[in-house]
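# Structural description and commentary
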Amino acid sequence: MSSPLVSILMGSKSDLDVMQTARDALAEFGVPHEVRVLSAHRTPDALTEYVATAPSRGIEVFVAGAGGAAHLPGVVAANTVLPVLGVPVPSGHLLGLDALLAIVQMPKGIPVATFAVGKAGAANAALFAVAILATKRPELGQRLVAWRKTQAEKLLKDSVVP
Ligand code: RP5
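Every value quoted in this text rests on a predicted model; they were computed, and no experiment measured them. (Residues numbered from 1 in each chain as written. Predicted model: local features only at pLDDT ≥ 70, side-chain atom pairs only at ≥ 80, totals over all residues. Heavy atoms only, no water.)

Once that is clear, we can look at the pattern of salt bridges. Using the criterion set out here, one finds 5 salt bridges in the structure. Its salt-bridge partner being Glu60, residue Arg137 comes within 2.7 Å of it at the nearest N-O pair. Residue Arg137 is located in the loop between helix 5 (119-134) and helix 6 (138-157), and its partner Glu60 is located in the loop between helix 2 (44-53) and strand 3 (61-66); the two are separated by 77 residues in the primary sequence. Between Glu153 and Lys149 there is a salt bridge; the shortest N-O distance is 3.3 Å. Here the residue Glu153 and the residue Lys149 both occupy positions in helix 6, the gap between them amounting to 4 residues, near one helical turn. Overall, the relative accessible area of 54% leaves Lys149 in the exposed class. (Salt bridge = Lys/Arg side-chain N within 4 Å of Asp/Glu carboxyl O. Helix = DSSP H or I, 4+ residues; strand = E, 2+ residues; numbered from the N terminus. Buried < 20%, exposed > 50% of the residue type's maximum accessible area, 1.4 Å probe, protein only.)

This part is about the site of the ligand. Neighbouring the ligand are Gly11, Ser12, Ser14, Asp15, His41, Arg42, Ala66, Gly67 and Ser91. One nitrogen or oxygen atom from the side chain of Asp15 is found 2.5 Å from an oxygen atom belonging to the ligand. A total of 360 Å² of accessible area belongs to the ligand in isolation, and the protein chains cover 72% of it. When grouped by side-chain class, the residues that make up the shell around the ligand number 1 nonpolar, 6 polar and 2 charged. (Near = heavy atom within 4 Å. Polar contact = N/O pair within 3.5 Å; in protein donor to acceptor, adjacent residues only side chain to side chain. Areas by Shrake-Rupley, 256 points an atom, 1.4 Å probe, with all protein chains shown as cover. Nonpolar A, V, L, I, M, F, W, Y, C, P; charged D, E, K, R; others polar.)

It is worth spelling out the sheet that holds strand 5 (residues 113-114) at this point. Strand order in the open sheet made by the 5 strands is 2-1-3-4-5, with parallel pairing throughout. One side of each edge strand has no neighbouring strand; the edge strands of this open sheet are strand 2 (33-37) and strand 5. Strand direction decides the pairing type here: strand 3 and strand 4 (residues 84-88), joined by 5 bridges, are parallel. Bridging from a neighbouring strand, Phe62 pairs with Val84 of strand 4. With respect to the sheet, helix 2 is in contact with strand 1 (6-10), strand 2 and strand 3, its orientation differing from that of strand 1 by roughly 170°. The strands that helix 4 (residues 97-104) touches are strand 3, strand 4 and strand 5; relative to strand 4, the one it contacts most, it runs at about 160°. (Pairing = 2+ DSSP bridges. Contact = heavy atoms within 4.5 Å. Axes fitted to C-alpha atoms, helices over the stretch in contact; angles between N-to-C directions.)

Next up, the structure:
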């Protein structure tokens, strides 16, 4: 795979089941990416160092998933002006509502785009990353159009419920 364009970050290995969905979607589009487990509160120095050096490796978009008091996407956004797509991961007693509110309620000035809780959000964040990259790469835009066409065809094929 050529040098990564997207960084998929997660706060814990326990987020991998959800974030694998983003990884699979990027792989489906042939978008080179790298995946790291780095935590805003457990490994803050390693996280800021990683985010600071990512653009020099060609990273253009971050997809960051975390659960609980999900600081990760906000801390990534605090350290870069590249787009940060936040995925609330369901974990613990509040099942992702905590992470959703933590990510979506970023105070004015440091934006994080927030997606749905769980695998749907992880998939959509990856599709959104492809859309961002497609603004400068027409072939990716064509792949997105074809992907949506296939999705619609599948739905229509099974649209008649016997
Ligand atoms: C967050 O805390 C992680 O993103 C994860 O969703 C949650 C729980 O982490 P573990 O205790 O499972 O490592 O930092």
